[in-house]
Amino acid sequence: MADPANIPPITVAAPRVVSGSLGVIAFRLSTAVPGIISAGIEKGELVVRTTRHRLLDLMTMLRDDPRYACQQVMDICGVDFPERAERFDVVYNLLSVTHNHRIRVIVTTDETSPVPSVHQLWPAATWWERECYDLFGVLFTDQPDLRRILTDYGFEGHPLRKDFPLTGYVELHYDEERRQVVYGPVDLVQDFRNFDFESPWEGILTLPGDEKAHADRQDMKRQG
């Protein structure tokens with residue numbers, strides 16, 4: 001048995017402060033980086049707001065500076081606030097694989113003021129910028145492939161704007177005689193209804209197509 005006097009004491013290391021924590025990053029960005037409107041923790045996530053004119057400088061720093069190392073842009077999306085002069089938020093969700101943290105960058109714009117494209121920093125951004133243009137009508141400068149990506153050819157309007165009607169402006173169907181898809185004015189076959197969301201199978205003892213099996217069960221009960 002070992003002599004207790006020769007057993008070295010157990011030492012507990014002091015907790016290490018992670019220099020790259022979101023709170024530290026938020027403080028550094030809000031105090032040391034020009035053009036930042038705000039940077040803080042919102043619902044556990046780091047959210048940075050900046051201007052369109054400072055967007056590329058900020059994004060380049062977030063990608064190339066080893067303290068941030070945001071190698072990937074995971075998504076670029078829009079949010080519509082029609083009551084504002086600059087009605088759109090353009091939201092960039094960045095991911096650092098190195099530090100395992102996420103940074104959300106937000107800029108605002110309107111229907112005519114373009115936002116600088118970040119496709120030269122992250123080539124995948126082209127897909128997200130096309131989607132944001134298609135659904136919200138946000139324009140991006142220096143984007144060489146600003147085409148619609150989700151809606152049909154010749155589609156008019158931007159369907160995720162709050163003032164776009166739920167029914168849309170046109171509907172399409174396949175015409176058997178013409179053997180092609182044709183467009184026409186919206187003609188709803190029924191009015192909008194309020195649904196109670198109750199299961200249609202509640203109280204049904206025999207499912208459609210199961211009538212014979214149900215009859216056989218009834219016969220067995222009578223014979224038993």
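Computed from a predicted structure; not experimentally measured.

What counts and what doesn't
Residues numbered from 1 in each chain as written. Predicted model: local features only at pLDDT ≥ 70, side-chain atom pairs only at ≥ 80, totals over all residues. Heavy atoms only, no water. 1 Å grid on protein atoms, 1.4 Å probe; cavity = no way out; pocket = protein on both sides within 12 Å on 5 of 7 lines; lining within 4 Å. Points joined across faces, edges and corners; volume = space filled by probe spheres on them. Nonpolar A, V, L, I, M, F, W, Y, C, P; charged D, E, K, R; others polar. Phe/Tyr/Trp six-rings, centres within 6.5 Å; stacked < 30°, edge-to-face > 60°. Helix = DSSP H or I, 4+ residues; strand = E, 2+ residues; numbered from the N terminus. Buried < 20%, exposed > 50% of the residue type's maximum accessible area, 1.4 Å probe, protein only. Patch = residues over 30% accessible without salt bridge, like charges linked within 9 Å, V, L, I, M, F, W, Y side chains within 5 Å. Areas by Shrake-Rupley, 256 points an atom, 1.4 Å probe, with all protein chains shown as cover. Salt bridge = Lys/Arg side-chain N within 4 Å of Asp/Glu carboxyl O. Pairing = 2+ DSSP bridges. Axes fitted to C-alpha atoms, helices over the stretch in contact; angles between N-to-C directions. Contact = heavy atoms within 4.5 Å. Arc of directions from axis to C-beta.

Participant: Break down the layout of surface pockets for me, citing the residues and quoting the values.
Facilitator: Its boundaries defined by the atoms lining it, the largest pocket holds a volume of some 210 Å³. Lining the largest pocket are Asp152, Tyr153, Gly154, Phe155, Glu156, Phe164, Thr167, Gly168, Tyr169, Val170, Leu172 and Tyr183. When grouped by side-chain class, the residues that make up the lining of the largest pocket number seven nonpolar, three polar and two charged.

Participant: Tell me about the packing of aromatic side chains, and please be specific about residues and values.
Facilitator: Overall, the coordinates contain three aromatic pairs when judged by the stated rule. Relative to Phe136, the ring of Phe88 has its centre 6.3 Å away and its plane inclined at 75°; by these criteria the two rings are edge-to-face. A residue pair is termed long-range when its members are at least 10 positions apart, and Phe88 in strand E4 (residues 88-96) and Phe136 in helix H3 (residues 125-136) qualify at 48 residues. By relative accessible area, Phe136 is classed as buried at 8%. Clustering of aromatic rings is evident, with ring pairs tying together Phe155, Phe164 and Tyr169.

Participant: Tell me about a nonpolar patch on the surface, residues and numbers included.
Facilitator: Side chains of Tyr169, Val170, Leu172, Tyr174, Val181 and Tyr183 sit close together on the surface and give an oily, nonpolar patch of about 640 Å² of accessible area. Every element with two or more residues in the nonpolar patch is listed here: strand E8 (170-175) and strand E9 (180-185). Considering every element that reaches the nonpolar patch, the biggest residue donor is E8, with three residues. Take Tyr174: it is sitting in strand E8.

Participant: Tell me what's going on with the sheet that holds strand E5 (residues 101-109), and back it up with residues and numbers.
Facilitator: Read across the open sheet, the five strands follow the order E1-E2-E5-E4-E3; overall the sheet is mixed. With partners counted over all chains shown, the strands left at the sheet margins are strand E1 (36-42) and strand E3 (72-80), one partner each. Strand after strand, the sheet turns through a mean of 20° between neighbouring axes, direction not considered. Bridge analysis of E1 against strand E2 (residues 45-50) gives six bridges, and the strand direction is antiparallel. Bridged to Glu42 within E2 is Glu45. Its contacts with the sheet place helix H1 (residues 22-32) against E1, E2 and E5, and it is angled at close to 165° to E1. Where H3 meets the sheet, its contacts fall on E3 and E4, and the angle it forms with E3 comes to roughly 10°.

Participant: Could you give an account of H1, naming the residues involved and the relevant values?
Facilitator: All buried positions along H1 are accounted for by Ile25, Ala26, Arg28 and Leu29. Seen from one end, H1 has its buried residues packed into an arc of 165°, which puts them on one side. H1 presents Phe27 and Thr31 as exposed residues on the side facing more than 90 degrees away from its buried surface. On its buried face, H1 sits against E1, E2, helix H2 (55-64) and E5.

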